[in-house]
Each structure stands twice: as C-alpha cells, then as structure tokens.
Amino acid sequence: MPSLPPKIIILLATRNGAEFLQSQLDSFRVQTYAHWELLVSDDGSTDATIEIVNRFAGSVPQRVVIVPGPQKGFWQNFVALVRSESLDGDLFAYSDQDDIWFPEKLAKAVDWFAQRVVPSPALYFSRTELMHGDSTPAGYAPLFVRPPSFRNALVQNIGGGNTMVFNRSAREALLATPVDAELVSHDWWTYQVVTGIGGEAFYDPWPSLKYRQHRQNIVGANIGWRARMVRLKAFANGRVVSWNDLNLSFLHRIRDALTPENASVVDLYAKARRAAWPMRLWLIWKSGVYRQSLVENIGLSVGALFGKI
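The structure presented is a predicted model; accordingly, all values stated were derived computationally and were not measured.

Let's talk about the pairing of strand E8 (residues 137-140)
Part 1: Relative to E8, strand E7 (residues 129-132) runs antiparallel, the two being bridged by two bridges. Bridging from a neighbouring strand, methionine 131 pairs with proline 137 of E8.
Part 2: The antiparallel pairing of E7 with E8 creates a hairpin that spans four residues between the two strands, and serine 135 there sits at a positive phi of about 75°.

Here's what the structure looks like:
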C-alpha cells in the first residue's frame, strides 16, 4: 500500500484580523497541496474574525479547529499553537492573518522535506514578496545568500515565521522549551532551537507569499533605509541588548539539548558581551557568529565595541 502524503497543520494566530483575513483563508483554499488541516488560535477577537473562520470552515473539505488563545501577545499565541494537542500532523506551518500565500507554498515545502532521508529536526522558510495594505506591490524582502545556521540564528533572525514549515521532530524539540521561558519572537525561537540542536534549516530564495505591510503590522519587512534606521535605533536604545538577554537566557535553559559545538558558540558570544572592549571583537570572531551582509556584520562589530549587543 502506498504511504499517505504528509499532513500539514497550518498554525494560524488571529486577533481582530477581519480586515484582511478572508484573503489569507482564500489562499489556503487554492493550495496545490490539499492535505492540510487548519488550527486557529484566536487571541480574544472582538471583530468578525471568528465568524469569517467559521464560514471558511463550512466551505472547505479540510478540518478546521478554533481554540482560545492565551491573550498574552503575538508570540505567546504562536507558541500556544505549537503546544496545542488539538491537531496532530507531520508538518507544521505558521501563518499570519493578513498575508496571501502563493498556491505552491505548501507543495514546495513538502517537496523539500520529501528529499530528506533522515527524519531529524528540519525547518523550511523562504523569501517573501511585499505588498502594501491595499495589496499593491511593494517589492521583495532581502535575498539572503549566506547559509542558515545556528551561528547566524544567534545574532539574526532571517526566517519569517509566515513562511516557516517544520517537521514533527522540530516540533518535539520546541516542546522541550520551558513553558515560562520569555522569547523575542516565535520565529526566531524556532530558527535558534532547530539549528541549535543540530537540525537542518533551508532558506528557499523563491518567494512563497505576499507579505502585507500595513499600520497594524507588529513586525515589518527587513528592507530599505527605513528598516536599517530601525535596526540602528534598536542598537542605540538597548533593544538588541534586551533581545540578546532573552535569547541567551532561554538557550541556557535548553543547553543540554544544544550540540557541543553550538553550546560553545553560545558561551563565546555571551563572554564577548561581558568582556573588556579590546577582547570583544576577538571573541565575536572566535565564536563565528555572522549576519547576512557586510554592512550588517560591520554593525555587529561596532555594536560589540560599544557594548550594544
């Protein structure tokens, strides 16, 4: 008997998303890969979000389940989805409530996972096409050329959660995160954990969706001079320091799950943050951490010199 195709659980986090949600749901409907189910965690919507999801559920053959969210913030809502026992699948795909997936999005991810022989933790993510709130084109997210790895994940999140698909082994690793751990974001957490434990991460340069940029976005696209100024401000006002504090705190708590090599990287990076300034650049270099571009790596070095990492 032929084996069944992998079942994908779409993990959709919602909160007052009625303005754009229908377009997102319609893009699920037209996926060329149809073996999916939808799990929606609604974080206390007061608009028509639930009504829209229920109407969609009645119009598709796939199973749709709605569960109450924790109402603690966006990343907590996604983490609750990962931990939910309401649906069980082979692959899991994060989804925002306001994008538009291209029809081949799930199929492309499934094809990549099908090429892997060993069922170890694995993570797929991709580039995105950008659009304005009115759905008009707005360019593309940066094209990353350096390979995804833990040394990159420690200092930069290049995996947009709305593009991420991960397997059962990766989900099991994420479930091992202490429930009281504080995180910066669900996607950065996923990128760090999967690569940190020795799993494989793959960045697809093919854009898998249209990423909507509008006034309600919590996290915007990482592109252009405005985005660079936002990152510079984050260094200057100490936000990067606080992000690193959170990341290193939770990585310390899952240290036993990290590979010995990656645990050493964490130690060197943490030491660089505390060292006297002449030693900081050498320790950063020794750790091997890197960002995706020359300008960003210069910024990392400057941040290290001034104690802003």
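Things to note about the packing of aromatic side chains
Part 1: One pass over the structure, following the stated rule, counts 15 aromatic pairs.
Part 2: Look at tryptophan 36 and phenylalanine 56: their rings are 6.4 Å apart centre to centre, the planes differ by 10°, and that puts the pair in the stacked class. With tryptophan 36 in strand E2 (residues 36-42) and phenylalanine 56 in helix H2 (residues 49-57), the pair connects residues that are 20 residues apart, well separated along the chain.
Part 3: With relative accessibility at 1%, the residue phenylalanine 56 sits in the buried group.
Part 4: In textbook terms, an aromatic cluster arises when at least three aromatic residues are bridged by ring pairs, as seen for Phe28, Trp36, Phe56 and Trp101.
Part 5: The ring centre of tryptophan 101 lies 4.2 Å from the NZ or CZ of lysine 105, which sits over that ring.

Examining the sheet that holds strand E6 (residues 122-126)
Part 1: One open sheet accounts for seven strands, arranged E3-E2-E1-E4-E9-E6-E10; its pairing is mixed. Taken across any chain shown, the strands that pair with only one partner, and hence form the sheet edges, are strand E3 (64-68) and strand E10 (200-204). Each strand axis lies, on average, 20° off the axis of its neighbour in the sheet, ignoring direction.
Part 2: The pairing of strand E4 (residues 91-95) with strand E9 (residues 165-167) spans three bridges and is classified as antiparallel. Residue pairing for E9: phenylalanine 92 is matched across the bridge by phenylalanine 166.
Part 3: This element, helix H1 (residues 18-29), spans strand E1 (8-14), E2 and E4 of the sheet and lies at about 175° to E1.
Part 4: Lying over the sheet, helix H3 (residues 74-83) contacts E1, E2, E4 and E9, oriented at roughly 150° with respect to E1.

Considerations on the environment of aspartate 90
Part 1: Checked against the element boundaries, aspartate 90 lands in the loop between H3 and E4.
Part 2: Separated by 28 residues in sequence, aspartate 90 and valine 118 have C-alpha atoms that sit 14 Å apart.
Part 3: When near neighbours in sequence (up to four residues on either side) are disregarded, aspartate 90 contacts Pro5, Pro6, Lys7, Phe166, Asn167 and Arg168.
Part 4: A polar contact is formed between the side chain of aspartate 90 and the backbone nitrogen of lysine 7, at a distance of 2.8 Å.

What counts and what doesn't
Residues numbered from 1 in each chain as written. Predicted model: local features only at pLDDT ≥ 70, side-chain atom pairs only at ≥ 80, totals over all residues. Heavy atoms only, no water. Pairing = 2+ DSSP bridges. Helix = DSSP H or I, 4+ residues; strand = E, 2+ residues; numbered from the N terminus. Phe/Tyr/Trp six-rings, centres within 6.5 Å; stacked < 30°, edge-to-face > 60°. Buried < 20%, exposed > 50% of the residue type's maximum accessible area, 1.4 Å probe, protein only. Lys NZ or Arg CZ within 6 Å of the ring centre and 35° of its normal. Axes fitted to C-alpha atoms, helices over the stretch in contact; angles between N-to-C directions. Contact = heavy atoms within 4.5 Å. Polar contact = N/O pair within 3.5 Å; in protein donor to acceptor, adjacent residues only side chain to side chain.

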